[in-house]
Amino acid sequence: MARWHAIQDGSRYDRVVTMDVTLSTNDPRAADADLIAVAAGPQATALGAPARALREADPIATAYIDGPPLAVIAVAAGVEGLRTAAARAVRACGSGADQTVAWALDPASPLALSKQVHALAEGAVLGSYDGRRWRSDGSPRERVRRFVICGADGDGLAAVAARAALVARWCNTARELVDAPANLMSPAELARRASEIPGVELELVDPARAGLGALAAVGASSASPPLLLVLRHRPAGAPQTPRLALVGKGVTFDTGGYFLKSRPEIVHQKADMAGGAAVIAALGAIAELALPLSVTAVVPACENMVGATAIRPTDVITTASGLTVEVVNPDAEGRLILADALWYARSDGATHLVDLATLTAGVSDALGDLYGGVFGGDTVWRDAVVDAGNAAGDLAWPLPLHERYEPWLESTVADLRNVAGKRLGFSVFAAAFLARFAGDGPWAHVDMLGPALLAEDRGDAFGAGASGYGVRMLVELAARCSAEAVG
């Protein structure tokens, strides 16, 4: 193991736009804004919106009145509706740079003021994300640099806004990593990006030298060597327990190996490292928030390619735990590399484990692109992960594990095989496989294939493309673990 040093100089995707989210008790017309945004309703009328704008706000209509334009937005009920509305307001701003959007709070909203402020700050930063970072001019569009929430008056609201904006910014970092083209986002480049996170220690583990046989075998198919990224947040005075480990699948491109993916599937495989991106970004947020908790992120990073050194059907691999695995399906490589990473994290002293992976299409078939599926033998810990995700906006749903799944993973030539060979229950068998490597203690597996990369705009704060799913979940989970440990 060695401390990582950057191997590339400045690249075109090194910057995530930092939005300044502020609060003001003043009228939004006094905010020196380029655009004023308001929910369709009495508040919009009071600001001069004509009745036609209220009728045509589906979801947004712009009224050109005296002063800056007024964006009238149809806001759905609840926190999600407000978050989406803020993102739409930011995206509705003109094409100039460094603009200001002022949001007029609705005094009639039934939501608590702190929830309104949190949703607006988060939505504004999420809405500022621009995935088109690889244009020839070398820089993203930096349209909105300032988002002012007008009419906010209350103790602690500035801190609420700042925290929401911070986590959303790290969520955008994960989105940027996932959206990056596979020829640029190699395992080494993912490590370089991780090395730039302030306040986080980074070690690189050579899989072959460290005995991580599964990661070494899968990564041997590529000209880009596999790496195990180990990031640590170790604040002074953190309690001995819990020690939380976040494990993220980091396959920077997945061809499926000798079980080559179909053309419709393979074009999305740069996103097969979304779990790794989520845990890297979450650790950045955890470090910036200075949570008094020991947290480690472990990312097995590799490419799954086709070639003379690729794993073959019927190969037997010796994993880091010592268990041997028969490769029945070379396209089920994610669980192989996660097996080594889970073993490593537990051996490193983690008391609580969560892994995130774009692992199986079965979960997205069941839950669509909105929910991640969460498995775990310890249902208390599994439900804690689900609750943290739902509270933070990364929606999650508990799914079952049972010991009767295990016999289907038995191999005639090795300890295990990497798929059960059954048409149904593919996601459950994948989780059952991972459970064999998670060790003793709480562990949960989040299968996030559906919400990680959005094929189309769902009509929320994200739009199409990478969503950064998992970042908000993990930060909320770490915050709750920290509060329980300190309390």
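Scope of this entry: the structure provided in the associated data block.

Thresholds applied
Residues numbered from 1 in each chain as written. Predicted model: local features only at pLDDT ≥ 70, side-chain atom pairs only at ≥ 80, totals over all residues. Heavy atoms only, no water. Helix = DSSP H or I, 4+ residues; strand = E, 2+ residues; numbered from the N terminus. Rg over C-alpha atoms; globule rule 2.2 N^0.38 Å. Buried < 20%, exposed > 50% of the residue type's maximum accessible area, 1.4 Å probe, protein only. Contact = heavy atoms within 4.5 Å. Areas by Shrake-Rupley, 256 points an atom, 1.4 Å probe, with all protein chains shown as cover. Lys, Arg positive; Asp, Glu negative; His and termini not counted. Charge placed at Lys NZ, Arg CZ, Asp CG, Glu CD. Pairing = 2+ DSSP bridges. Salt bridge = Lys/Arg side-chain N within 4 Å of Asp/Glu carboxyl O. Phe/Tyr/Trp six-rings, centres within 6.5 Å; stacked < 30°, edge-to-face > 60°. Lys NZ or Arg CZ within 6 Å of the ring centre and 35° of its normal. Expected span 1.5 Å × (residues − 1). Axes fitted to C-alpha atoms, helices over the stretch in contact; angles between N-to-C directions.

### Notes on the overall build of the protein
- The secondary structure content of the protein amounts to 16 helices and 21 strands.
- Relative to a compact globule of 487 residues, whose C-alpha radius of gyration would be 23 Å, the protein shows 23 Å and is just as compact.
- Here the protein holds 487 residues, and the buried ones make up 55% of them.
- For the protein, the share of sequence-separated contacts (at least 6 apart) that also reach a separation of at least 24 residues comes to 78%.
- Of the roughly 19300 Å² of accessible surface on the protein, a fraction of 51% belongs to carbon and sulfur atoms.
- Mean positive and mean negative side-chain charge positions of the protein (42 and 54 charges, respectively) differ by 2 Å.

### Describing the pairing of strand E9 (residues 227-233)
- In terms of residue burial, E9 counts as a mostly covered element, since 7 of its 7 residues are buried.
- Side chains Leu 227, Leu 229, Leu 231 and His 233 of E9 all project onto a buried face; the interleaved residues Leu 228, Val 230 and Arg 232 project onto the opposite face, where all are buried too.
- As defined by bridge partners, strand E8 (residues 201-205) adjoins E9 across 5 bridges and the pair is classed as antiparallel. Residue Leu 204 lies in a different strand from E9, and its bridge partner there is Leu 229.

### Some words on the pattern of salt bridges
- The final tally for this structure, using the stated rule, is 25 salt bridges.
- The salt bridge involving Arg 193 is made with Glu 196; its shortest N-O contact spans 3.6 Å.
- Across the pair Asp 460 and Arg 458 runs a salt bridge whose closest N-O atoms are separated by 2.7 Å.
- One network of salt bridges, in which partners are shared, links Glu 80, Arg 83, Glu 122, Asp 394 and Arg 472.

### Some thoughts on the packing of aromatic side chains
- The tally for this structure, following the rule as stated, stands at 3 aromatic pairs.
- Look at Tyr 371 and Trp 397: their rings are 5.9 Å apart centre to centre, the planes differ by 85°, and that puts the pair in the edge-to-face class. Of this pair, Tyr 371 sits in the loop between helix H12 (361-367) and strand E16 (372-375) while Trp 397 sits in strand E17 (residues 396-398); the two residues are 26 residues apart in sequence, bridging distant segments of the chain.
- Ring centres 5.2 Å apart and planes at 45° place the aromatic pair Phe 433 and Phe 437 in the tilted group.
- Over the aromatic face of Trp 408 sits the side chain of Lys 422, whose NZ or CZ is 4.0 Å from the ring centroid.

### Let's talk about helix H11 (residues 334-347)
- For H11, built from 14 residues, the straight-helix expectation of 20 Å at 1.5 Å per residue is met to within 8% by its first-to-last C-alpha distance of 20 Å.
- With 12 of 14 residues buried, H11 is to be regarded as a mostly interior element.
- Among the residues of H11, those classed as buried are Gly 334, Arg 335, Leu 336, Ile 337, Leu 338, Ala 339, Asp 340, Ala 341, Leu 342, Tyr 344, Ala 345 and Arg 346.
- Remark: Gly 349 follows H11 within two positions and exhibits a positive phi of approximately 110°.

### A closer look at the sheet that holds strand E2 (residues 20-24)
- Spatial strand order, E2-E7-E6-E3-E5-E4: 6 strands in an open sheet with mixed pairing. In this open sheet, the two edge strands, each paired with only one partner strand, are E2 and strand E4 (60-63). Shown here is a sheet whose adjacent strand axes are inclined to one another by a mean of 25°, direction ignored.
- As paired strands, E2 and strand E7 (residues 144-150) are joined by 5 bridges and run parallel to one another. Paired with Leu 23 across the bridge in E7 is Ile 149.
- Against the sheet, helix H4 (residues 113-127) touches E2, strand E6 (99-104) and E7, its axis set at about 165° to E7.

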